[in-house]
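# A look at the structure
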Amino acid sequence: MSKFTKEDVIRLVEEEDVEFIRLQFTDMFGTLKNVAITSSQLEKALNNRCMFDGSSIEQFARIEESDMYLYPDLDTFVIFPWRPQQGKVARLICDVYHTDGTPYRGDARYVLKKAVEKARDMGYVFNVGPELEFFLFDTDDNGRPTTQTGEKAGYFDLGPLDLGENVRRDMVLTLEDMGFEIESSHHEVAPAQHEIDFKYADALTTADNIMTFKLAVRTIAKRHGLHATFMPKPKQGVDGSGMHINMSLSRNGENIFYDAESKNGLSQEAYYFIGGIMKHIKAITAITNPLINSYKRLVPGYEAPVYITWSSINTNPLIRIPAPRQSETRAELRSPDPSCNPYLALAVCLEAGLDGIRNQILPPEMVNENIAGISKQERRERGIHMLPGTLKEALYELEADELIMDALGEIGPRFLDAKRAEWDAYSAAVTVWELEQYLYRV
């Protein structure tokens, strides 16, 4: 059921003295874009008559289909609390359509909506709760971001050791002003690393919330003279930033992952869903970990998972089943990082899970011991595989997975082309590490 009508949005803009409205959408790489209009153009926008040139955005649309329309999702209307209180600024998240009124299949939000519709046809609602980590770094005299920090705090530390405590507080209050229900916030393991968790919701709402969250966090950090980065591994020798995804399915408002009679408190559908994720995880990784830098986080010795295992206890598995059961029963996928496009990431996870249910794919046995203590030979004998070690490996797995490529639709081939070009550019670059290792030795 819709929260707002056109009349509601027009009334709110008038009552709240909103002067500018940002019509937002997300490109293939997970970068937020927008077209700003004044309040005088609001009715035109609400009638889906605002156009933009899609071909000017990298990998978004071809020249021959450049004219695109933005269709605002009225329920995403929100006023930015950090902008002036006279002549306020609001936003609406939009779907992208062709001039003939058909959805643009290269729109990441469309890809997720298509996956959600498949779940609905099977009687399910896909619920997701993300855990986003980020770093707060100092800026230089020109306001440019650095990777420097004077902070030495660690996991769950508090002020005065946690120098970002007040910044994080400001972020939480701002997010609450925008309608978020914040469940917790705390300092993470690495110096200057933080996490803020907000309440789960249906997949589309959660993906919209992730994009809004990242915008708000960066904006508030900048107001404090800091730079917030969601880069997976900005500093060597410390833990990187992840975006754990807590997933469950519900039917008629009831969490169907829970079964009180089962040994692990999981229903058969939960097992199948987990089995589907594990079957397709190598291909999924290209989407949930889309940067070359993503794979600097997915290495042994840190808290990010490396092996394709699952467990009900915290032994650094790929998928963890957190302790709360009944209505809170969920599968926590721990490999994704916050650089991903959340619409695509949630879409491929859902498609894989539904494939598991349709084809009754059971996961392997739980691995409840410390993976680091298992020899390479024993892992091989037990069929314990590793996640892709580089973006190049992940792209190979993605191209070979028909289900995940089909889920991505038009975006799949474009994503592969763009990311392979990124890998080629990286491979041709001469890095500081190479210079330090070889310049004076050979």
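To start, this report covers the structure provided alongside it. Keep in mind the model is a prediction, meaning the values are calculated, not measured.

Calculation notes
Residues numbered from 1 in each chain as written. Predicted model: local features only at pLDDT ≥ 70, side-chain atom pairs only at ≥ 80, totals over all residues. Heavy atoms only, no water. Salt bridge = Lys/Arg side-chain N within 4 Å of Asp/Glu carboxyl O. Helix = DSSP H or I, 4+ residues; strand = E, 2+ residues; numbered from the N terminus. Buried < 20%, exposed > 50% of the residue type's maximum accessible area, 1.4 Å probe, protein only. Patch = residues over 30% accessible without salt bridge, like charges linked within 9 Å, V, L, I, M, F, W, Y side chains within 5 Å. Areas by Shrake-Rupley, 256 points an atom, 1.4 Å probe, with all protein chains shown as cover. Lys, Arg positive; Asp, Glu negative; His and termini not counted. Charge placed at Lys NZ, Arg CZ, Asp CG, Glu CD. 1 Å grid on protein atoms, 1.4 Å probe; cavity = no way out; pocket = protein on both sides within 12 Å on 5 of 7 lines; lining within 4 Å. Points joined across faces, edges and corners; volume = space filled by probe spheres on them. Nonpolar A, V, L, I, M, F, W, Y, C, P; charged D, E, K, R; others polar. Phe/Tyr/Trp six-rings, centres within 6.5 Å; stacked < 30°, edge-to-face > 60°. Lys NZ or Arg CZ within 6 Å of the ring centre and 35° of its normal. Axes fitted to C-alpha atoms, helices over the stretch in contact; angles between N-to-C directions. Parallel < 35°, antiparallel > 145°, perpendicular 65-115°, else oblique. Left-handed = near helix turned anticlockwise from the far one by under 90°. Contact = heavy atoms within 4.5 Å. Core = buried A, V, L, I, M, F, W, Y, C linked by side-chain atoms within 4.5 Å. Polar contact = N/O pair within 3.5 Å; in protein donor to acceptor, adjacent residues only side chain to side chain.

## Some points on the pattern of salt bridges
Inspection of the entire model under this criterion finds 15 salt bridges. Across the pair Asp208 and Arg109 runs a salt bridge, and its minimum N-O distance is 2.7 Å. Taken together, the residues span a long stretch of sequence, with Asp208 in helix α5 (residues 203–223) and Arg109 in helix α3 (residues 108–121) at a distance of 99 residues. Classification of Asp208 as buried rests on a relative accessible area of 6%. Across the pair Arg382 and Glu369 runs a salt bridge, and its minimum N-O distance is 2.7 Å. With Arg382 in the loop between α9 (376–381) and α10 (391–400) and Glu369 in the loop between α8 (342–358) and α9, the pair connects residues that are 13 residues apart, well separated along the chain. When salt bridges with common partners are traced through the structure, they connect Asp73, Asp95, Arg109, Lys113 and Asp208 into a single cluster.

## Let's talk about a negative patch on the surface
A contiguous patch of negative charge, built from Glu176, Asp177, Glu181, Glu183 and Glu328, is present on the exposed surface. By the secondary structure assignment, Asp177 is in helix α4 (residues 165–177). On the accessibility criterion, Asp177 (59% relative accessible area) is exposed.

## Here's the deal with empty space enclosed by the protein
Applying the stated criterion across every chain yields a total of one cavity of 30 Å³ or more. Classifying every residue of the lining of the largest cavity gives five nonpolar, one polar and two charged.

## Details of the packing of aromatic side chains
The final tally for this structure, using the stated rule, is 15 aromatic pairs. Aromatic pair Phe135 and Phe137: ring centres 5.3 Å apart, planes at 15 degrees, arrangement stacked. Assigned by exposure class, Phe135 and Phe137 land together as buried. Cluster of aromatic residues (ring-pair linked, three or more members): Phe134, Phe180, Phe198, Phe213 and Phe230. The ring of Phe230 has Lys214 sitting right over it, with the charged end atom 5.5 Å from the ring centre. Here the basic side chain of Lys233 rests over the ring of Tyr302, its NZ or CZ set 3.7 Å away from the ring centre.

## Here we look at the packing of α5 against α8
Two elements in contact, α5 and α8, have axes whose closest approach is 9 Å; the angle formed by their N-to-C orientations is 150 degrees. Compared by their axis directions, α5 and α8 come out roughly antiparallel. Crossing handedness for the pair α5 and α8: right-handed. On α8, the residues that touch Ala203, Leu204, Thr206, Ala207, Asp208, Ile210 and Met211 of α5 are Pro342, Tyr343 and Leu346.

## Notes on the nonpolar core
Counting 96 residues, the largest nonpolar core has Phe213, Ile319 and Leu398 as its most contacted members. Sort the elements by how many residues they give to this core and helix α6 (residues 268–288) lands first, with twelve residues. Filtering out sequence-adjacent residues up to four positions away, Leu398 remains in contact with Ala283, Ala286, Ile287, Ile404, Met405, Leu408, Phe415 and Leu416. Core analysis: the next-biggest nonpolar cluster, separate from the first, contains 23 residues, Leu46, Cys50, Leu74 and Val96 among them.

## A few points about the side chain of Asn127
Relative to the helices and strands, Asn127 resides in strand β7 (residues 125–138). You can call Asn127 buried: its relative accessible area is 12%. In terms of polar contacts, Asn127 uses its side chain to reach the side chain of Ser250, at 3.2 Å. Non-local contacts of Asn127, meaning those with residues more than four positions away in its chain, are made with Tyr200, Ala201, Asp202, Asn246, Met247, Ser248 and Ser250.

## With respect to the side chain of Lys88
Turning to its location among the elements, Lys88 is positioned in strand β6 (residues 88–97). Separated by 2.9 Å, the side chains of Lys88 and Glu16 make a polar contact. Apart from the residues lying within four places of it in its own chain, the contact partners of Lys88 are Glu16, Asp17, Val18, Glu19, Phe20 and Ile79.

Read these as geometric descriptors, not functional statements.
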